[in-house]
Amino acid sequence: MAERSRNAALLDDVLTPSAKDALRHLELYARRMVEGLLHGAHRSKRKGYGDNFDHHKNYQPGDPLKHIDWKVSARHDRYYVKRYLERTALRVRIVVDRSGSMLQRTGELPTKYLQAARTAAALAYLILRQGDSVGLTLTSLERTTWLPVRSVNTHLVAILQALANTEPVAQDGLQTCLRTIVDRTEPKGLIAVVSDMMYDPAPVQRELGRLQAQGHEVLLLQLRDPTEEDFPFNRWVQFHDLENAGVKHRLDAAILKRIYREEYQALIQEWEAWAKKYNVHFVSFRTEEHVETVLSQYIAFREEIFGK
Amino acid sequence: MLVYNPAFLWALLLGSVPILIYLLMRYRSLKVRWGSNYVLERAIEKLKKKRYWDQILLIALRVLAIMAIAFAFARPASHAKDAGVSGVHHVVVIDTSYSLLSGQRDASRWQRGMELVGRVASTWGRSDVWSLYVLDDNPRWVVDSGVVTTPEATLATLQALEPTETSASLAKAFETLIAKFPDASDVEITVLTDDQETAWKNLDRVNVPANWSPTIYWVNPPLDDRVNLAVTRVRFSAERALVKHPVRVFVSVKNFSADPVRDAEVEILRDGAFFDKESVSLLPGQETEIHRDLVFDDDGSHYVTARVASDALDYDNVMHAGLQVEPTFRLLVLRDGAHAGKFDSSWRFLDVLHRVQEYINEFDEPVFSHGKLTLSQTDADPDPALLASADIVVLDGGRTLTPELAEQLRRYVAAGGGLLLAADQNVSKETWNDLLGSAKLLPAPLERLRTEKGGGPRFRTLARSKFEGLSLKAFDTPEEGEISNALFYVWWDTAAPTPPARILLNYDDGAPFAVQLPNELGNVLMTTAGLNGWWNNLVVREFYVPLVFRLSSEAASGGIFPRVVPLRSPVRLRLSDPETVRGVTFQPVDAESVVLQPTDTAAGRVASANEGSAKSGLVSMLTAREGGAAKRVYYGVQGERMDSDLTPMGREARRRLTEDLRAVEVADWDSFDEALQRARASREWHHWVILLALGMLVGEKLLERRFV
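As the structure is a computational prediction, the values presented were derived from the model and not from experiment.

Parameters at a glance
- Residues numbered from 1 in each chain as written.
- Chains lettered and ligands numbered in written order.
- Predicted model: local features only at pLDDT ≥ 70, side-chain atom pairs only at ≥ 80, totals over all residues.
- Helix = DSSP H or I, 4+ residues; strand = E, 2+ residues; numbered from the N terminus.
- Buried ≥ 20, exposed ≤ 12 C-beta atoms within 10 Å, placed from the backbone.
- Contact = placed C-beta atoms within 7 Å.
- Pairing = 2+ DSSP bridges.
- Axes fitted to C-alpha atoms, helices over the stretch in contact; angles between N-to-C directions.
- Parallel < 35°, antiparallel > 145°, perpendicular 65-115°, else oblique.
- Left-handed = near helix turned anticlockwise from the far one by under 90°.
- Nonpolar A, V, L, I, M, F, W, Y, C, P; charged D, E, K, R; others polar.

Participant: How would you summarise the overall build of chain A if you had to cite specific residues and measurements?
Facilitator: Counting secondary structure elements, chain A contains 10 helices and 11 strands. The buried share of chain A, taken over its 308 residues, is 41%.

Participant: Describe the overall build of chain B, with residues and values.
Facilitator: Helix and strand content of chain B: 13 helices and 35 strands. Out of the 708 residues belonging to chain B, those deemed buried represent 44%. A sequence separation of at least 24 residues applies to 77% of the contacts in chain B between residues at least 6 apart.

Participant: Which residues make up the sheet that holds strand β8 (residues 217-224) of chain A, and what values go with them?
Facilitator: All names here are of chain A. With mixed pairing, six strands are arranged side by side in an open sheet as β6-β5-β4-β7-β8-β11. Two strands in the sheet have a free side with no partner beyond their single neighbour: β6 (144-150) and β11 (281-286). Across the sheet, the mean angle separating the axes of adjacent strands is 15° when strand polarity is ignored. Direction of pairing for strand β5 (residues 133-139) relative to β6: antiparallel, over a ladder of five bridges. Bridge assignment links Leu136 to a residue of β6, and that residue is Leu147. Helix α5 (residues 154-164) contacts β4 (91-97), β5 and β6 of the sheet and is inclined by roughly 165° relative to β6.

Participant: So what about the packing of helix α3 (residues 109-121) of chain B against helix α4 (residues 151-159) of chain B? Which residues, and what values?
Facilitator: All names here are of chain B. Two elements in contact, α3 and α4, have axes whose closest approach is 9 Å; the angle formed by their N-to-C orientations is 155°. Between α3 and α4, the angle falls in the class roughly antiparallel. Relative to α4, α3 is oriented so that their crossing is right-handed. Contacts between α3 and α4 involve Met114, Val117, Gly118 and Ala121 on the former and, on the latter, Pro151, Thr154, Leu155 and Leu158. In terms of residue class, the contact of α3 with α4 is built from six nonpolar, two polar and no charged.

Participant: Which residues make up unusual backbone geometry, and what are the values?
Facilitator: Residue and element names in this part refer to chain B. With omega at 5°, the peptide bond leading from Pro499 into Pro500 counts as cis. Examined against the element boundaries, Pro500 turns out to sit in the loop between β23 (490-494) and β24 (502-507). Even without being glycine, Lys440 reaches a positive phi, approximately 55°. Secondary-structure assignment places Lys440 in the loop between α9 (429-438) and β21 (446-451).

Participant: Help me get a handle on the packing of helix α4 (residues 112-129) of chain A against α5(A), residues and values and all.
Facilitator: All names here are of chain A. With their axes 10 Å apart at the nearest point, α4 and α5 run at an angle of 175° to one another. If you check the angle between α4 and α5, you find them roughly antiparallel. In this structure, α4 uses Ala117, Ala120, Ala121, Ala124, Tyr125 and Leu128 to contact α5, whose residues at the interface are His155, Leu156, Ile159, Leu160, Leu163 and Ala164. When its residues are assigned to classes, the contact of α4 with α5 shows 11 nonpolar, one polar and no charged.

Participant: Provide a residue-level description of the interface of chain B and chain A, including the pertinent values.
Facilitator: Interface size is commonly expressed as the accessible surface area that is lost when the partners come together. Tallying the contact residues gives 23 residues for chain B and 33 residues for chain A. Of all the elements, helix α2 (residues 37-73) of chain B adds the most residues to the side of chain B that touches chain A, at 10 residues. Direction of pairing for strand β9 (residues 236-241) of chain A relative to strand β2 (residues 30-34) of chain B: parallel, over a ladder of five bridges. For A:His240, the partnering residue across the bridge sits in β2(B) and is B:Arg33.

Participant: Residues and numbers for the sheet that holds strand β34 (residues 628-638) of chain B, please.
Facilitator: Residues and elements named next belong to chain B. Pairing is mixed across the open sheet formed by five strands, whose spatial order is β27-β34-β33-β29-β30. A single partner strand is all that each edge strand has here, and the edge strands are β27 (564-566) and β30 (594-596). Recorded for the sheet is a direction-independent mean angle of 30° between the axes of neighbouring strands. With three bridges connecting them, β27 and β34 associate as parallel partners. Residue pairing across strands places Val565 opposite Val637, the latter belonging to β34.

So, in structure tokens, the structure goes:
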């Protein structure tokens, strides 16, 4: 019982009831048409009978009579049947960065990893609730955990457990992870990457580009720690690298402050520029912001752009 | 370049503070676990590329700014001309006369003045040239165009000076300065002296060239109270006295101030213990003499001290005099077999005294317990040993004077003997004038024997108020007998005394009765009437015994070297029984004792401290003998009070000094510093250094903003 209650507490920490409430009425639409085995809420290249009219075709015996477009048939004296783009289920893989750097935190604020986990959990909850399928990848250079893409509601528990029971370790392994996804040629869907993006962007961007080329939609969710971003030091500081034990830098932070801030913003801008160039949604937020708020805003933005 | 406050150069070390802070902050760095190491390393790389030299420049600016501020406080200045080490020539003139020791309670003028001179010396640059002119009886350049090496070395040279018993003449000093620095534009003269009128005398006679314009600072610490009494002289009536016989000490006190002094106490101490005191009131410039009769109960060396109460100048308030007290004086009367009459010699006359000394009372106890005169006579030719055994040899008309005897007497006196010449009616004028005169043993040549009828109206008597010799001055009061009751019916008229002879006692008509011819050692005393009782009434008068004792004491005083010695004069001791002497040391005033090597002289074996004492006071000779305790002999060294007058200089002298010579009078460091700043303002450029420091601080701030 105690184990179960602790698990429940852990899960509540990752997916808070308030987040659930906030996300209850939201729906994540696919930007691109998706391929799915199940009927769902998203447009698919597969033709079928749905809401979105695509074209007319000649009636063939066997076609349901209810799809005959009587007005067009009367004008052309031939039977035409309306063809629609079929709606299929959204397939989402959430890739969460579990490298050591995600342990960074500011004061009482959550770590970057905890916020990443909450983001991933909220996304998974949202996707599963709307009947789509979701999978999870927790990645670091040392170890990567893969949870398959499923649409059953019980899969949420597995996702939450995986998120809650994982501790960030070692160096970043996102490039390798994305390369694996590319190589696996998974069905097209949404690849949501939740990370602090504090690494050399070029290799990761290259793999993200390949995923896009395979038809995946890429969503980048960046977490920023206030201390990391603001660099509020005015004295000598010894920085111990969270990803590489033993690597440390001792320097006068007051002197470095300006350059550091410039470099930090330059890295973010580099990601933003890349995202803009490749039409990738890039959502960047600080750990002090509420995940459900960020996601709500993003979904609203997405809805505004693409509509239903 | 020179700096006026070189002490602040130590503050240049504060320039290391930014580096120390840098190292300390680095050591005490905050430890932080850091996630965005990628960005951090990119920033560090960029910092190294772009800002590496900026960081060094930042620290360098901080260091230099602090050092510049410290340097500005050191007050850098440029030389008047760029002539290597010869920029400003600092000349210090120091008056070392003892009037500088005047002052109240806290510090003397010397201490305050030397402090100011020391402070100004510490502002000189290391490569500056300086000279030190010491002003005393022997003005001299102690440092002549020396190079300032370190402030400590300069201060050490200054601190080695101390006031001496001298007087200074500032007029002579300025004549020397004008002669040495005819072109004095780069000369800065600091004169430490007081405003003593005597020191600044004759300043108006100094010819100051019109173009002679050095910077002159006159360090003159103020003096509020100028009342100064001084003991000017302490003398005993004789150098030698007999045990328990009264000996008179005379103390002279002078008021050197411009105001009268009332009821000032003069204390007399006998062998360091209080003896008596007297109040004196003195008008400005007045000198008075007081005396006391002292009695010493034991033989040996004794001394007396006279002192006045503390005043503006304590240095001249004390003076000492030494005295030798003897148990007996040995008299040898030279007689002649051809003269056997009762009044042919002083022998009978002196024998009366001898018998008086031997009186026994009814308890068979000696009545006379004082020091005695022991009497002996000889009618043979006296050999040197016999003469040497006598303190006093008596020669009168009862002994025929021969050339051989005259020569022996000359040697005897030269060896320190006391010769008492009693010119009675039997004396051969020609023989005495010839033989004693050629032997330089005759105080005054005899001219004519005057003889009056005994008991008649024409007689001579002694004067009570014309005592020129101290030894007989006791008779100026009738305590020891009314000396004017003496009657002489036979006497010698004499010519004027032969210098350095002096008259000790006159007849009432002014003619000399007792004339003394002092030598350095040895002594001749002549009475112009006989002591043989012929045609005088001395032997029946109450003053007979004291007179004989005092004449004997005076005559015997030549047997020792003087116990009152002038300043810087040899202090000598004639050693009796020299073969038993193991060593002699001399103890000067405020100095280490000196071991002396006795030498043989005509006066016997003599220990001599030839340099004497450079300071007035009590000095002594310590003689160690085999099988006996060491004995100390005291001397009073008495300097002339040539610098005791503290009367301030007149208005004209001050005007001459401050207007013609353009000297700036400074009394304390504030006024000195103000004068220095005023004079040096055009040369100083510390404000530029401050501006530079501010510029560097602004630059540092601007540079710092590039990082933050």
